[in-house]
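A look at the structure
For reference, the chains in residue letters:
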Amino acid sequence: MDSAAAAPNAVPGTRTGEPAWVEHVMWWHVYPLGFVGAEVRPDSAVEDRQVEHRLGRIEGWLDHVVYLGLNGLLLGPVFASSTHGYDTVDHFRIDPRLGDDGDFDHLVHAAHERGVRVLLDGVFNHVGRDHPAFRALATDGPEAATADLFAVDWSGWQPGQPVPVGSFEGHDILVALDHATQATEDLVVAVMTHWLERGVDGWRLDAAYAVPPAFWARVLPRVRERFPDAWFSGEVIHGDTAAIVRESTMDSTTQYELWQGIWHGIADRNCYELAHAIERHDELLATFAPSTFVGNHDVTRIASAVGEGFAAHALAVLCTVAGTPSVYAGDEFGWTGVKEEREGGDDAVRPAFPDVPPVPTGAAADLLHAHQALIALRRRHPWLHRAHTDVVHLDNTALVLRTATDREAVVTALNLAPEPVVLPAADATRVEVGAGDLSEGRLRLPAAGWAVLTA
């Protein structure tokens, strides 16, 4: 694996710049518990569960990742938890529903053998209520050795009473950590460095928006002292993301505003919304390259959100604007699934995968081939990682984007209308992907068509 030049002794509260390898990485995002068919809401306690060696099922898809042209594996939660993976009970143990340390090491080794990097999902805002560190508070109260991990007002508390600690967004099973203490800082540093030592390449920081940026600014430089080539991308859903990146020293954040603009603009046949989101996206590039996506484990699948005939339109935008893109596993086949706000409402977008990749036909095969072609184009033009995008043509149902340097350009054209349209080609000279006829500086797209061109 290639390495990057980075400051070995970063000053706390400063950013050193993302590792050089990030310019070239594109992730395949997997929710492991769902992928391997594990029971997400088991009745048994974690300590009573037998190890099930299921991680090999993900390994069986690594050749598919390479076949797509991707070179990163973004894993959702893999640590021991009570239910869905985000209620961690042991950050240093692989969830027994997935396997053990040997299974994990084998997966990382198999990925790296194929040139595929591995990113872990770090749940550091909260832990599960069954975490031993929190359970100790119920018996020992403020005298517990782990009391400093949690912000608790012990006034009036008596043994046997519930511990008065905050939860995460009202979820009773998720107990918020105290990010003002040295104990929490040391725990997170220890967890991160442990798994980086085991070979992973970086961290997705779950619910990073709920953690004070100052906490990350203390933690990440300590980790980078030992692993200067590691990459850290925070889950940030709202707020001033550029300011959060500057204050936290994270390398990147999830770009939910762009995701919203892409799917909603396409679904509503409102290219003005999509164009506005791209213009806002460009403003972030002076500070960082966002983590971009059109699907993940928390949202309705893109084929369901925009309609199966328009999933490739969304992908075309994802692959031709700045950022570090990820493809949510299964989206390349046009799988559908709607997220619902209820218990089990994520199950439809987190299904079990077959042992081997399917061989799609018809529209699904076309979408798979579109993924391959667009990812290949992105790989041929790594400068897209930080390049600015101009809106060349805009109306309700048609959009032309031009992402360029002073020497090269990639042009993306979308038609959301049920009839053909003729659009400016923005100096492009070649249709690379999609269905479009280029003639005399004009591009003809079929009904509901799209194309990506180069100059």
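Residues numbered from 1 in each chain as written. Predicted model: local features only at pLDDT ≥ 70, side-chain atom pairs only at ≥ 80, totals over all residues. Heavy atoms only, no water.

Right, let's get into the sheet that holds strand E18 (residues 430–434). Pairing is antiparallel across the open sheet formed by 5 strands, whose spatial order is E14-E15-E16-E21-E18. Here the strands that pair on one side only, and so sit at the sheet edges, are strand E14 (388–395) and E18. For this sheet the average axis-to-axis angle between neighbouring strands, irrespective of direction, equals 20°. Taken together, the 7 bridges between strand E15 (residues 398–404) and strand E16 (residues 409–415) define a ladder with antiparallel strand orientation. Bridge pairing in E16 links Ala398 to Asn415. (Pairing = 2+ DSSP bridges. Helix = DSSP H or I, 4+ residues; strand = E, 2+ residues; numbered from the N terminus. Axes fitted to C-alpha atoms, helices over the stretch in contact; angles between N-to-C directions.)

Bringing the nonpolar core into the picture now. With 99 residues, the main nonpolar core has Trp28, Leu75, Met192, Trp203 and Trp216 as its most contacted residues. Counting residues per element, this core draws most heavily on helix H12 (residues 311–320), at 8 residues. (Core = buried A, V, L, I, M, F, W, Y, C linked by side-chain atoms within 4.5 Å. Buried < 20%, exposed > 50% of the residue type's maximum accessible area, 1.4 Å probe, protein only.)

Looking at chain direction, E14 and E15 are connected through 7 bridges and run antiparallel. Residue pairing across strands places Thr389 opposite Thr403, the latter belonging to E15. Two successive antiparallel strands, E14 and E15, enclose a turn made up of 2 residues.

For the pair H12 and helix H13 (residues 362–380), interaxial distance at closest approach is 9 Å and the crossing angle is 10°. Classed by the angle they form, the pair H12 and H13 counts as roughly parallel. Note on element contacts: H13 touches H12 through Leu367, Ala370, His371, Leu374, Ile375, Leu377 and Arg378, opposite Ala311, Ala312, Leu315, Ala316, Leu318, Cys319 and Thr320. Classifying every residue of the contact of H12 with H13 by side-chain character gives 11 nonpolar, 2 polar and 1 charged. (Parallel < 35°, antiparallel > 145°, perpendicular 65-115°, else oblique. Contact = heavy atoms within 4.5 Å. Nonpolar A, V, L, I, M, F, W, Y, C, P; charged D, E, K, R; others polar.)

Here the focus is the confidence of the model for the protein chain. Mean pLDDT over the protein chain works out to 94, with 95% of the residues at or above the 70 mark. Counting interchain partners and residues more than four positions distant, the pLDDT-below-50 stretch residues 1–11 has 19 contacts. (pLDDT = per-residue confidence, 0-100.)

In this section: the packing of helix H7 (residues 213–226) against helix H8 (residues 241–248). It is the contact of H7 with H8, at a shortest axis distance of 7 Å, that shows an interaxial angle of 40°. Here H8 runs oblique to H7, going by the angle between their axes. Across from Pro213, Trp216, Ala217 and Leu220 in H7, the residues of H8 making contact are Ile244, Glu247 and Ser248. Its residues placed into classes, the contact of H7 with H8 shows 5 nonpolar, 1 polar and 1 charged.

So, on to the sheet that holds strand E20 (residues 442–445). Within the open sheet, the 3 strands sit side by side as E17-E20-E19. Their pairing is antiparallel. Two strands close off the open sheet at either side, each with one partner strand: strand E17 (421–424) and strand E19 (437–439). Strand-to-strand twist in this sheet, taken as the mean axis angle between neighbours without regard to direction, amounts to 25°. Pairing geometry for E19 and E20, over 3 bridges, is antiparallel. Following the sheet pairing, Asp437 is matched in E20 by Arg444.

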